[in-house]
Amino acid sequence: MTARAREYAATVARREQVSPHLVRLVLADLEGPDPFVSTGIPDEWVGLVVPGQFQLRYYTVRSWDGSELVIDVVVHEEGLVTEWAWSSGRDCTGERVTLSEPKGSFAMPESATWMMLVGDLTAMPAMARILRETDVPTRVWAEVPDDLTGYLPEGADVTWLAPPGEGQSAVASVVESVDWPEGDGYFWMAGESSQMRAIRKHLMRERRLPSTAYDVMGYWRGGATRQPRAVDPGPIWREGQAAGRSDEEIWAAYDAAREGATP
Ligand SMILES: Cc1cc2nc3c(=O)[nH]c(=O)nc-3n(C[C@H](O)[C@H](O)[C@H](O)COP(=O)(O)OP(=O)(O)OC[C@H]3O[C@@H](n4cnc5c(N)ncnc54)[C@H](O)[C@@H]3O)c2cc1C
């Protein structure tokens, strides 16, 4: 029997516009069955339920200092959280939300001498935190619609890419053409699901990387006429790990669960 996942209530203490497509929410007064504790995994996420809703959406913990938890929310055309966080004429400051307990996926092998991070705007909070909390030489490819100078730690080796259109992504083709460093390393990537599926295939079939050398996560699904199901990655993650599945098998199962299919 699995224990019921812990939940925390929190208040939106502040809301700040980071860039035209990115809004920062500072959550405070966290209350739960026990104190909120970070996993310490730099790409950790929480599930967020906004007032009047019951469906979760997942957001990276940009930072947690023991009293304030920061998430950066991408503002896109329509969606449950995006509209709640940033609709004209309403302000979510002061509202009470629910958070699920944090989980993380990043697992750089100790032998890694370099790292590559690739992602779109939804991956920026995780990439910023990974850069802050790790110290191997790292190259970053960031596909973002806004000028985010200063968002990543100073000195980050970043290639900025423009998305092909509003709410679209094409990072997969970039990864397929990059030069890879020699030796053992770690590749982390997150963003639009179909781009991530293409890259998983590329890493497995063309580059033949061992599954411990990369993490590729579908964070959202673009071009959908039907919304993806909100599926908690937590149980899929735990079940996959207990069954000895690799990270990418687990994330592929997560993508399939959101689309209502079997992997
Ligand atoms: C582990 C994890 C960590 C994540 N971390 C972050 C994070 O830190 N910040 C963040 O903003 N997102 C993050 N995401 C992605 C976020 O959960 C999704 O983008 C989510 O769908 C947004 O919810 P919504 O209610 O705004 O839109 P939904 O109601 O879920 O979707 C409505 C429609 O909007 C489209 N859509 C959804 N997201 C986007 C997008 N980003 N750009 C363009 N169109 C979109 C979809 O096609 C969908 O049909 C993360 C996801 C995961 C799994």
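Please read these numbers as outputs of a predicted model, since none were measured by experiment. (Residues numbered from 1 in each chain as written. Predicted model: local features only at pLDDT ≥ 70, side-chain atom pairs only at ≥ 80, totals over all residues.)

(A) Main features of the site of the ligand. In the vicinity of the ligand there are 25 residues, among which Thr60, Val74, Gly79, Leu80 and Trp220 approach most closely. At the level of elements, strand 4 (57–60), strand 6 (69–74), helix 1 (80–86) and strand 12 (214–220) are the ones that each hand at least two residues to the shell around the ligand. Across the shell around the ligand, the residue classes tally to 13 nonpolar, 8 polar and 4 charged. Composition of the shell around the ligand by domain shows at least three residues from each of domain 1 (7–100) and domain 2 (114–258). (Near = placed C-beta within 6 Å. Helix = DSSP H or I, 4+ residues; strand = E, 2+ residues; numbered from the N terminus. Nonpolar A, V, L, I, M, F, W, Y, C, P; charged D, E, K, R; others polar. Domains from an automatic or database assignment.)

(B) Quick peek at the nonpolar core. Counting 64 residues, the largest nonpolar core has Leu48, Val73, Met127, Trp188, Met189 and Val216 as the members making the most contacts within it. Counting residues per element, this core draws most heavily on helix 2 (residues 124–133), at 6 residues. A domain-level breakdown of this core finds at least three residues from each of domain 1 (7–100) and domain 2 (114–258). (Core = buried A, V, L, I, M, F, W, Y, C linked by C-beta atoms within 7 Å. Buried ≥ 20, exposed ≤ 12 C-beta atoms within 10 Å, placed from the backbone.)

(C) Here's a closer look at the domain arrangement of the chain. As assigned here, the chain comprises domain 1 (7–100) and domain 2 (114–258). Contact residues are listed per partner, giving 17 residues for domain 1 and 18 residues for domain 2. The set of elements that each furnish at least two residues to the side of domain 1 that touches domain 2 consists of strand 4 and strand 6. With 3 residues, the top contributor of residues to the side of domain 1 that touches domain 2 is strand 4. Its residues assigned to classes, the side of domain 1 that touches domain 2 shows 6 nonpolar, 6 polar and 5 charged. (Contact = placed C-beta atoms within 7 Å.)

(D) Representation of the sheet that holds strand 2 (residues 22–31) within the structure. Strands sit in the order 4-3-7-1-2-6-5 across an open sheet of 7 strands; the sheet is antiparallel. Lying at the two open borders of the sheet, with one neighbouring strand each, are strand 4 and strand 5 (63–64). (Pairing = 2+ DSSP bridges.)

(E) Representation of the sheet that holds strand 12 in the model. Spatially, 10-9-8-11-12 is the arrangement adopted by the 5 strands of the open sheet, whose pairing is parallel. Edge positions in the open sheet fall to strand 10 (157–161) and strand 12, since each of these has one partner strand only. The sheet shows a mean angle of 10 degrees between the axes of neighbouring strands, taken without regard to direction. By the bridge criterion, 6 bridges tie strand 8 (residues 114–120) to strand 9 (residues 138–143) in an arrangement that is parallel. When the bridges of strand 9 are listed, Asp120 appears paired with Glu143. (Axes fitted to C-alpha atoms, helices over the stretch in contact; angles between N-to-C directions.)

(F) Inspection of the environment of Met108 at higher detail. Residue placement: Met108 occurs in the loop between strand 7 (96–100) and strand 8. Among the residues examined, Met108 registers 18 C-beta atoms within 10 Å and is labelled partly exposed. Separated by 65 residues in the primary sequence, Met108 and Asp43 have C-alpha atoms spaced 11 Å apart. Not counting residues up to four positions away in its chain, the partners in contact with Met108 are Met115, Thr134 and Tyr186.

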